[in-house]
Amino acid sequence: MKMTDEILMAFADNSLPEAERQLVASAVASDPALMARVEGFQRTRQLVQDATASVLNEPVPQRLLDATRQDPFSANPAGPARWGRIFSTGAAMAACVAVGFMLAPRTSHENFVAAPSGLVASGDLAFALSNQPSGETLSGVRLAMTAPSDGGEFCRIFSVQMDNADVNGVACSAGPTWRIVNLDEGVDQDASTAYRTASGAIAPSLLAAMEQRRSGDPLGVDEEAAFLKARKAK
Amino acid sequence: MTNTHADFSNALVALLPRLRRFASVLAGRGADADDLVQDAIERAMRKRHQYNAGTRMDSWMYRIMQNAWIDTLRSRKVRDAQSIDVEGFDIAGGDGRTAMEAHFDLARTRAALAAMSQDQRSVVALVLVEGYSYREAADILGVPEGTVTSRLFRARTTLEAAVKQETVPPAKAGAQGEAS
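Counting from 1, residues in each chain are numbered in the order their sequence is written. Ligands are numbered from 1 and chains lettered from A, in the order in which they are written. Totals for whole chains, interfaces and linings use every residue, but because this is a predicted model, local features are given only for residues with pLDDT of at least 70 and side-chain atom pairs only at 80 or more, for both listing and counting. Note that water and hydrogens are dropped before the side-chain values are worked out from all heavy atoms of the structure.

Engineer: How should I be thinking about the overall build of chain B in this particular structure?
Structural biologist: Helix and strand assignments follow DSSP, with helices taken as H or I runs no shorter than four residues and strands as E runs no shorter than two, numbered in order from the N terminus. On a plain count of helices and strands, chain B comes out with nine helices and zero strands. The linear arrangement of helices and strands in chain B, starting from the amino end, is α-α-α-α-α-α-α-α-α. Residue burial is assigned from relative accessible area. The probe radius is 1.4 Å, only protein chains are included, and a residue is buried under 20% of its type maximum, exposed over 50%, and partly exposed in between. Every one of the 180 residues in chain B was classed for burial, and the buried ones make up 47%. Intrachain contacts of chain B at a sequence separation of at least 6 include 67% that bridge at least 24 residues. Taken as a whole, chain B presents about 8700 Å² of accessible surface, with 52% of it coming from carbon and sulfur. Contact definition: two residues touch when any of their heavy atoms are within 4.5 Å. Note on areas: Shrake-Rupley, 1.4 Å probe, and residue coverage restricted to the protein chains presented here.

Written out as structure tokens, the structure is:
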């Protein structure tokens, strides 16, 4: 067995299989030159341990302790942006189901359901997406913008009132089903007042999501009315 | 299911000092390292149902942290091409020269860590700091064992050079060079 640097280093780091380890151990024990090389590796290991050990004795910042206590599925200040990111980056199915699970108990109307392809709109939200013009609020659902997307789809920005928070998002559809492609949960009632009263005050994260999705200009009032009428006719 | 939410949180709290040490090797000392720990904790909290109680939580967390760090570096690269490789380790303060001589190896080692590539730092953190075998480190990082060996060897070369360089007095540097 040739005592290469790699083998001696692996020996110094306790990473050799037992049979090899014994071979190297006896070779090293009878050869001071080999022993010196092993000690060199042990020394660099010790250097790194010494140089990093002080961190262990530092007080842990409170924000890290807090992070271990937070329920990631409850509405918290860090939540909305993260959920938005998860969905806008193309949503693992698991995340969709998790959000569906999170939202379902919070509404009596089941605005979201988890489908195999991800989260889809249902109940009042699905009805509003298919029928309600932007700017109107009905049954706690408000629509804010409609724009064409790729593949003949249309996407709409919506806001659903659930308990004391608004759940905002973007849904897209080419047929009967509205897929939820972006969700931004947790805007509290006070903060959402601006969103309700001023058409220009749509959450920036949703506008950004819509910007990524849309393939043409947002529909004007008449175009949107025609779009909704055409859907109904299908 | 014995792994309740509280058990999970308590186990994470117990790991925090080591998670911070791991992060300090990857990201340097300072706010970046704690941001990385926080990112990893938040990721772990969201996917805690994926954690198998009874397996090593530290290994699970190091893998999460490694991935979180790669994501952070990628997003920074997109934002600006600025390298952060040599940031972080604070080796020379106001009277840095004296402090450096007093804590000579410490400072040189930290400088060497800061000068290493990200790949090398991950391997150093797992094998030299945390004591994982090459096989275990390879599993956590998702690379072949031979890759761990070669990265670690290069990292050690950097360490040796950094420490040796300054322990040789300038006058004898030439003689030392010829002898070795």
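From this point, the narrative continues.
Engineer: I keep staring at the packing of helix 4 (residues 62-69) of chain A against helix 1 (residues 5-27) of chain B and nothing clicks. Help me out?
Structural biologist: Packed helix pairs are specified by the crossing angle of their axes together with the interaxial distance, meaning the distance between the axes. To define axes, lines are fitted to C-alpha atoms, for helices over the stretch in contact only, and angles between the resulting N-to-C directions are given on a 0 to 180 degree scale. Where helix 4 of chain A meets helix 1 of chain B, the axes come as close as 9 Å, and the angle between the chain directions of the two elements is 145 degrees. At the point where helix 4 of chain A passes helix 1 of chain B, the crossing takes the right-handed sense. Along the contact surface, helix 4 of chain A presents Leu64, Leu65, Thr68 and Arg69 of chain A, while helix 1 of chain B presents Ser9, Asn10, Leu12, Val13, Leu16 and Arg20 of chain B. The residue classification treats Ala, Val, Leu, Ile, Met, Phe, Trp, Tyr, Cys and Pro as nonpolar and Asp, Glu, Lys and Arg as charged. All others, Gly included, are polar. For the contact of helix 4 of chain A with helix 1 of chain B, the class distribution of residues is five nonpolar, three polar and two charged. Should the near helix be turned anticlockwise from the far one by less than a right angle, the crossing is termed left-handed; should it be turned clockwise, right-handed.

Engineer: Before we go on, may I ask you to explain helix 4 of chain A in this structure?
Structural biologist: Given 3.6 residues per turn, any residue in an α-helix points the same way as the ones three and four places further on. Where helix 4 of chain A is concerned, the buried positions are Leu64, Ala67 and Thr68 of chain A. One face of helix 4 of chain A carries all of its buried residues, which in axial projection span an arc of 95 degrees. Residues of helix 4 of chain A that are buried in the fold lie against helix 1 and helix 2 (31-46) of chain B. In this description, the arc belongs to the directions extending from the helix axis to the C-beta atoms.

Engineer: Could you clarify how one ought to interpret the nonpolar core in this entry?
Structural biologist: If you look at soluble globular proteins, the nonpolar side chains tend to sit buried side by side. Residues Leu19 and Met61 of chain B are the most contacted members of the largest nonpolar core, which totals 65 residues. With 10 residues, helix 1 of chain B is the largest single contributor of residues to this core. Sequence-distant contacts of Met61 of chain B, defined by excluding residues within four places in its chain, comprise Leu12, Leu15, Leu19, Ala40, Ile41 and Ala44 of chain B. Of all hydrophobic cores here, the second largest spans 19 residues; its members include Ala121, Trp178, Ile180 and Phe227 of chain A. Here the nonpolar core consists of buried residues drawn from Ala, Val, Leu, Ile, Met, Phe, Trp, Tyr and Cys, with membership extended through side-chain atoms lying within 4.5 Å.

Engineer: Just to check I follow, could you spell out the packing of helix 3 (residues 32-53) of chain A against helix 5 (residues 104-115) of chain B for this structure?
Structural biologist: Packing of helix 3 of chain A against helix 5 of chain B leaves a shortest axis separation of 9 Å and a crossing angle of 95 degrees. If you check the angle between helix 3 of chain A and helix 5 of chain B, you find them roughly perpendicular. Residues Arg43, Leu47, Val48, Asp50, Ala51 and Thr52 of chain A of helix 3 of chain A pack against Asp105, Leu106, Thr109, Arg110 and Leu113 of chain B of helix 5 of chain B. Partitioning the contact of helix 3 of chain A with helix 5 of chain B into residue classes produces five nonpolar, two polar and four charged. Oblique is the label for every angle not falling under 35 degrees (roughly parallel), over 145 degrees (roughly antiparallel), or within 65 to 115 degrees (roughly perpendicular).

Engineer: Looking at this structure, I do not really get the pattern of salt bridges. What am I missing?
Structural biologist: Side-chain pairs of opposite charge can arise where the charged atoms are in close proximity. Salt bridges are defined as contacts in which a side-chain nitrogen from Lys or Arg sits within 4 Å of a carboxyl oxygen from Asp or Glu. With the rule as written, the count across this model stands at 20 salt bridges over all chains. Via salt bridges that share partners, Arg18, Arg21, Arg56, Asp58 and Glu130 of chain B belong to a single interconnected network.

Engineer: What am I meant to see in the pairing of strand 4 (residues 141-148) of chain A here?
Structural biologist: Remember that side chains alternate between the two faces of the sheet whenever the strand is regular. Residue and element names in this part refer to chain A. Most of strand 4 is tucked away, with seven of its eight residues classed as buried. For strand 3 (residues 137-138) and strand 4, the ladder comprises two bridges, and the chain directions are antiparallel. Within the sheet, the bridge partner assigned to Leu138 lies in strand 4 and is Val141. We treat two strands as partners when DSSP finds at least two bridges between them. The turn linking strand 3 back onto strand 4 is made up of two residues, and Ser139 within it adopts a positive phi angle of 50 degrees.

Engineer: Just to check I follow, could you spell out the environment of Gly140 of chain A for this structure?
Structural biologist: Residues and elements named next belong to chain A. Turning to its location among the elements, Gly140 is positioned in the loop between strand 3 and strand 4. Sequence spacing of Gly140 and Ala128 is 12 residues, and the spatial spacing of their C-alpha atoms is 9.7 Å. If we skip the residues at most four places from it in the chain, Gly140 touches Ser159, Val160 and Gln161.

Engineer: Would you explain the interface of chain A and chain B in this entry?
Structural biologist: Quoted interface sizes are often the accessible area lost when the parts come together. Taken together, the contact pairs 37 residues of chain A with 45 residues of chain B. Taken over both partners, the interface formed by chain A and chain B buries close to 3700 Å², and the fraction arising from carbon and sulfur atoms is 61%. Between the two partners, chain A and chain B, sit three salt bridges. In this structure, Arg63 of chain A engages Asp35 of chain B in a salt bridge whose closest nitrogen and oxygen atoms are separated by 2.9 Å. Going through the elements one at a time, helix 1 (5-12), helix 3, helix 4 and helix 5 (79-88) of chain A are the ones with two or more residues in the side of chain A that touches chain B. Among the elements that make up the side of chain A that touches chain B, the one with the highest residue count is helix 3 of chain A (11 residues). Its residues assigned to classes, the side of chain A that touches chain B comprises 17 nonpolar, nine polar and 11 charged. Summed over both partners, the accessible area lost on bringing two parts together, with a 1.4 Å probe, is the buried area.

Engineer: I keep staring at the packing of aromatic side chains and nothing clicks. Help me out?
Structural biologist: Think of a pair of aromatic rings as described by two things: how far the centres are apart, and how the planes are tilted against each other in angle. All names here are of chain B. Each pair of aromatic rings taken from Phe, Tyr and Trp, with Trp reduced to its six-membered ring, is defined by centres within 6.5 Å and is described as stacked if the planes are under 30 degrees apart, edge-to-face if over 60, and tilted in the remaining cases. A full pass over the atoms with the stated rule returns seven aromatic pairs over all chains. An angle of 65 degrees between the planes, with centres 6.1 Å apart, marks the rings of Phe8 and Tyr51 as edge-to-face. Of the two residues, Phe8 sits in helix 1 while Tyr51 sits in the loop between helix 2 and helix 3 (57-79), which places them 43 residues apart along the sequence. For the residue pair Phe8 and Tyr51, the accessibility class agrees, reading buried in each case. Here a set of aromatic residues connected by ring pairs shows up, and it is made of Phe8, Tyr51 and Trp60.

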